[in-house]
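Topology and contacts: notes
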Amino acid sequence: MTITPPALSVFETLESEVRSYCRGWPAVFDRAQGARLTDEDGHSYLDFFAGAGSLNYGHNNPVLKRALLDYLERDGITHGLDMATTAKRAFLESFQNIVLRPRDLPYKVMFPGPTGTNAVEAALKLARKVKGREAIVSFTNAFHGMSLGSLAVTGNAFKRAGAGIPLVHGTPMPFDNYFDGQVPDFLWFERLLEDQGSGLNKPAAVIVETVQGEGGVNVARAEWLRALADLCHRQDMLLIVDDIQMGCGRTGAFFSFEEAGITPDIVTLSKSISGYGLPMSLCLFAPELDIWEPGEHNGTFRGNNPAFVTAAAALDTYWADGQMEKQTIARSEQVEQTLLSIADENSAAGVHFRGRGLVWGMEFAEKSRASAVCARAFELGLLLETSGPESEVVKLLPPLTVTPDELDEGLSTLARAVRETA
């Protein structure tokens, strides 16, 4: 397939220069269903980006779409602030019965606003309020959002520079395998905590991603996460797991931290929690941490009732019987085998891969090659994005509902793009 870039006049003349994804995918998209998008000229693209992880159940999932249309057609509440509504009740009941209770998680549920960074800001604010301390520890190559509090615990220098002011009260520590196994886990962190002359103020909390998506698909080992949870407990720090991109089944289990057998004090969810790409986020926390005063943290669009409708439908459809996790693990093995073959074929070029569930990264020693692979993949009808501090990793993030045939097609296209950019 040969793609002819369209005339993008109104986007180029009116829209801000801040736009990014559209530069790598110069098409005007018109329709989408499942794992495919179609542009206005009728070209079809297989989507291995899935709305940056917001479309775990694919585009316009028919079950979720039907639930949404039925709700809108009966004039259901669309904007509800934090008022009690039938849609919110249905979601909370499904979330409690399908997600929380079977995992013995006693979390309270907070609706902090529509986006992931809203959830992170709420988590940081609550941790500081509970502990009465300002400092937060994050990790190298972390990404937690673009608002100021979230940027302060984000590692990427380019994104941090956009703040325009000092980003304070955040201290980075080495993520798992940052020193290639040459330094014992948490040696530096624990030494700083115990040394009264270290200059590290006692942290209120530690925030971590179990798999760093934007940071380069860096996968934390289960034993590293368990050791971190233990350190937080011993040092009286809250553990916040940012599950915005890796939650909702992306790594297999509903929560990405389940494999490690830990129970974070606070968890943030967004992206695919609505199931349909509608703005929605959650901040979950242990009941004893719920010391908010009414209205102390709020937001106009925290009551997006159409998102509650599709979220409940997604839970009822995909998580009530445990089959989604099994399917994701099977698809994961399919991806891993293909990436192993690609890496073997390109061993001389220093190609490595890593991942869990249906999030995978392929890293290139020649850093610019990742962008070239994504560009060629687009020309061949596959949407891929890069990640990592120097965009050196090709990131695979297909919908969890992708079929085996679609997965084979996309992986074959990826293999071709790698060969043709050698």
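Let me begin by describing the structure that accompanies this report. As the structure is a prediction and not an experimental result, all values here were calculated from the model. (Residues numbered from 1 in each chain as written. Predicted model: local features only at pLDDT ≥ 70, side-chain atom pairs only at ≥ 80, totals over all residues. Heavy atoms only, no water.)

1. Focus: the overall build of the chain
What counts, and what does not: Secondary structure elements follow DSSP: runs of H or I of four or more residues count as helices, runs of E of two or more count as strands, with numbering from the N terminus. The globule rule used here is 2.2 Å times the number of residues to the 0.38 power, and the radius of gyration it is set against is calculated over C-alpha atoms. When accessible area is computed with a 1.4 Å probe and restricted to protein chains, residues below 20% of their type maximum are described as buried, those above 50% as exposed, and intermediate ones as partly exposed. Residue contacts are defined here by distance: any two heavy atoms, one from each residue, within 4.5 Å place the two residues in contact. A 1.4 Å probe and the Shrake-Rupley method give the accessible areas. Residues count as covered only by the protein chains that appear here.
Each helix and strand in the chain was counted, giving 14 helices and 17 strands. Taking 22 Å as the expected radius of gyration for a compact globule of 422 residues, we find that the chain reaches 21 Å, a close match to that expectation. Across its three principal axes, the chain shows a C-alpha extent of roughly 60 × 60 × 45 Å. A burial count over the chain gives 53% of its 422 residues as buried. Considering only contacts within the chain whose residues lie at least 6 apart along the sequence, 73% involve residues at least 24 apart. By element, 51% of the accessible surface of the chain is carried by carbon and sulfur atoms, the whole surface being about 18700 Å².

2. A look at helix α11 (residues 305-318)
The following threshold applies: A helix is expected to reach a length of 1.5 Å times the quantity of its residues less one.
The end-to-end C-alpha distance of α11 is 20 Å, a good match for the 20 Å that 14 residues give at a rise of 1.5 Å each. Counting buried positions along α11 yields twelve of 14 residues, so the element is predominantly enclosed. When we look at burial in α11, the residues that qualify are N305, P306, A307, F308, V309, T310, A311, A312, A313, A314, L315 and Y318. Tucked inside the fold, the buried residues of α11 contact α4 (62-73), α5 (86-100) and α12 (323-345).

3. Brief notes about the environment of S274
By the element assignment, S274 lies in the loop between β11 (266-269) and β12 (282-285). Judged by relative accessible area, S274 falls into the buried class, the value being 0%. When sequence neighbours within four positions are dropped, the list of residues in contact with S274 reads M280, A307, T310 and A311.

4. A closer look at the pattern of salt bridges
Side-chain pairing between opposite charges can occur once the charged atoms of the two side chains come close. Worth spelling out the cut-off: Salt bridges are counted wherever a side-chain nitrogen of Lys or Arg sits within 4 Å of a carboxyl oxygen of Asp or Glu.
Taken as a whole and assessed by the stated rule, the structure comprises 24 salt bridges. For R221, the salt bridge identified is with D176, shortest N-O distance 2.7 Å. Of this pair, R221 sits in the loop between β9 (218-219) and α10 (222-234) while D176 sits in the loop between β6 (170-173) and α9 (187-194), and the two are 45 residues apart along the sequence. Judged by relative accessible area, R221 falls into the partly exposed class, the value being 35%. D230 is the salt-bridge partner of R234, the closest N and O atoms lying 2.8 Å from each other. Taken together, the positions of R234 and D230, both in helix α10 and four residues apart, correspond to about one turn of that helix. A network of salt bridges, in which partner residues are shared, links D176, D185, R221 and E223.

5. Some remarks on the side chain of D242
Threshold: Residues scored as positive are Lys and Arg, those scored as negative are Asp and Glu, and His as well as the terminal groups of each chain are ignored. Polar contact is defined as a pair of N or O atoms within 3.5 Å, subject to the rule that within protein one atom must be able to donate a hydrogen and the other to accept it, and that residues adjacent in sequence are counted only when both atoms are side-chain atoms.
Relative to the elements of secondary structure, D242 occurs in strand β10 (residues 238-242). K271 is the oppositely charged side chain nearest to the buried, salt-bridge-free D242, at an N-O distance of 8.8 Å. In terms of polar contacts, D242 uses its side chain to reach the side chain of H144, at 2.7 Å. Discounting residues that sit within four places of it in the chain, D242 has contacts with V120, F143, H144, I207, V208, E209 and T268.

6. Structural notes on a nonpolar patch on the surface
Basically, it comes down to this: Like-charged residues within 9 Å of one another, or nonpolar side chains (Val, Leu, Ile, Met, Phe, Trp, Tyr) within 5 Å, are grouped into patches, provided each residue has over 30% relative accessible area and no salt bridge.
Where nonpolar side chains cluster on the molecular surface, the patch consists of Y178, F179, V183 and L187 and spans about 370 Å² of accessible area. Inspection of the secondary structure puts V183 in the loop between β6 and α9. A relative accessible area of 34% places V183 in the partly exposed class.

7. Examining the side chain of T268
Relative to the helices and strands, T268 is located in strand β11. Polar contacts involving the side chain of T268 include one to the side chain of D242, which spans 3.4 Å. Ignoring any residue separated from it by four or fewer positions in sequence, one finds T268 in contact with A119, V120, A123, V241, D242, D243, I244 and L282.

8. Observations concerning the packing of α12 against helix α14 (residues 404-420)
The cut-off we apply is this: Only C-alpha atoms enter the line fits that serve as axes; for helices the fit covers just the stretch in contact. Angles between N-to-C directions range over 0 to 180 degrees. For classification purposes, angles smaller than 35 degrees are called roughly parallel, those larger than 145 roughly antiparallel, those between 65 and 115 roughly perpendicular, and all remaining angles oblique. It is the rotation of the near helix from the far one that decides the hand of a crossing: anticlockwise by less than a right angle makes it left-handed, clockwise makes it right-handed.
The interhelical angle for the contact between α12 and α14, taken along N-to-C directions, is 15 degrees, at an axis separation of 10 Å. Relative to α14, α12 is oriented roughly parallel. As α12 runs across α14, the sense of the crossing is right-handed. In this structure, α12 uses R331, Q334, V335, T338, L339, I342 and E345 to contact α14, whose residues at the interface are P404, L407, D408, L411, L414, A415, V418 and R419.

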